[in-house]
Amino acid sequence: IRDFHIAKREEDIGYYAGYVGSSFMLGRALTSFFWGLVADRYGRKPVIIIGTSAVVIFNTLFGLSTNFWMAICTRFLLGSLNGLLGPIKAYASEVFSENYQALGLSTVSVYSKYVMGHRIDHWSSLGRLPRPGNSALVFFSKKRGKKFLL
C-alpha cells in the first residue's frame with residue numbers, strides 16, 4: 001500500500017490494506033455457492049484444478065501490482081475463482097478414517113490458508129520479488145535500454 005502512494009499519512013495504510021484484504025473475502029462470498037454447484041455437477045477435480053491455477057496466477061499478479069486498483073481487482077478475482085476449500089474438505093473427510101477426520105480437516109484448513117495461498121504473497125512482500133512501486137515492472141516498461149531480472 002505504501003508503494004502505491006495512495007495513503008496520505010502512514011496511519012492510513014491500514015485503512016487501504018483493509019480494502020485489499022476484504023476484496024478477497026467479498027469475491028469468495030459471492031461465488032462460493034456457485035463453486036459448490038460446479039463441484040457437484042462436474043466433480044471436485046476440475047474445481048480444484050481451476051482454483052489452484054487461480055491461486056498461482058492471481059497471487060503472482062497481486063505481487064506485481066502497480067497500483068491500488070490492480071491490487072483490489074486481483075484479490076477479488078482470486079477470491080472469486082478460488083473454490084478450493086469445499087472440495088478439498090470433502091476429499092479429506094472421505095480419505096481420513098473417523099478417528100483422524102478432525103486432524104485431517106484442521107490440516108486442510110491450515111494448509112489452504114498458510115501454505116497454498118499466502119506463500120507467493122509473503123515471498124513478494126519480503127522483497128524477493130522487486131517492489132512494484134519502485135522498479136518492478138521495468139520489464140513491461142516502454143523505456144528502452146533498461147534490463148530487468150526477476
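Residues numbered from 1 in each chain as written. Predicted model: local features only at pLDDT ≥ 70, side-chain atom pairs only at ≥ 80, totals over all residues. Heavy atoms only, no water.

The protein chain carries the name Major facilitator superfamily (MFS) profile domain-containing protein in an unreviewed UniProt entry, which gives Escallonia herrerae as its organism. What UniProt states about the protein chain under its Subcellular location (unreviewed entry) heading is, verbatim, "Membrane". Heading Sequence similarities (unreviewed entry) of the UniProt record for the protein chain holds this comment: "Belongs to the major facilitator superfamily. Phosphate:H(+) symporter (TC 2.A.1.9) family." (UniProt positions renumbered as here; feature names shortened; annotations may be inferred.)

With that out of the way, let us pick up helix α3 (residues 68-80). With 13 residues, α3 extends 18 Å from end C-alpha to end C-alpha; this agrees with the ideal 18 Å at 1.5 Å per step. The set of residues buried in α3 consists of F68, A71, I72, T74, R75, L78, G79 and S80. Of the residues flanking the start of α3, the one acting as N-cap is N67, its side-chain oxygen 3.2 Å from the backbone nitrogen of W69. (Helix = DSSP H or I, 4+ residues; strand = E, 2+ residues; numbered from the N terminus. Expected span 1.5 Å × (residues − 1). Buried < 20%, exposed > 50% of the residue type's maximum accessible area, 1.4 Å probe, protein only. Polar contact = N/O pair within 3.5 Å; in protein donor to acceptor, adjacent residues only side chain to side chain.)

This paragraph deals with the nonpolar core. In terms of nonpolar packing, the biggest core is built from 7 residues, these being F24, I48, A54, V55, F58, L78 and L84. With 4 residues, the single largest contributor to this core is helix α2 (residues 44-63). Once residues within four sequence positions are removed from consideration, A54 is found in contact with N59, L78 and L81. (Core = buried A, V, L, I, M, F, W, Y, C linked by side-chain atoms within 4.5 Å. Contact = heavy atoms within 4.5 Å.)

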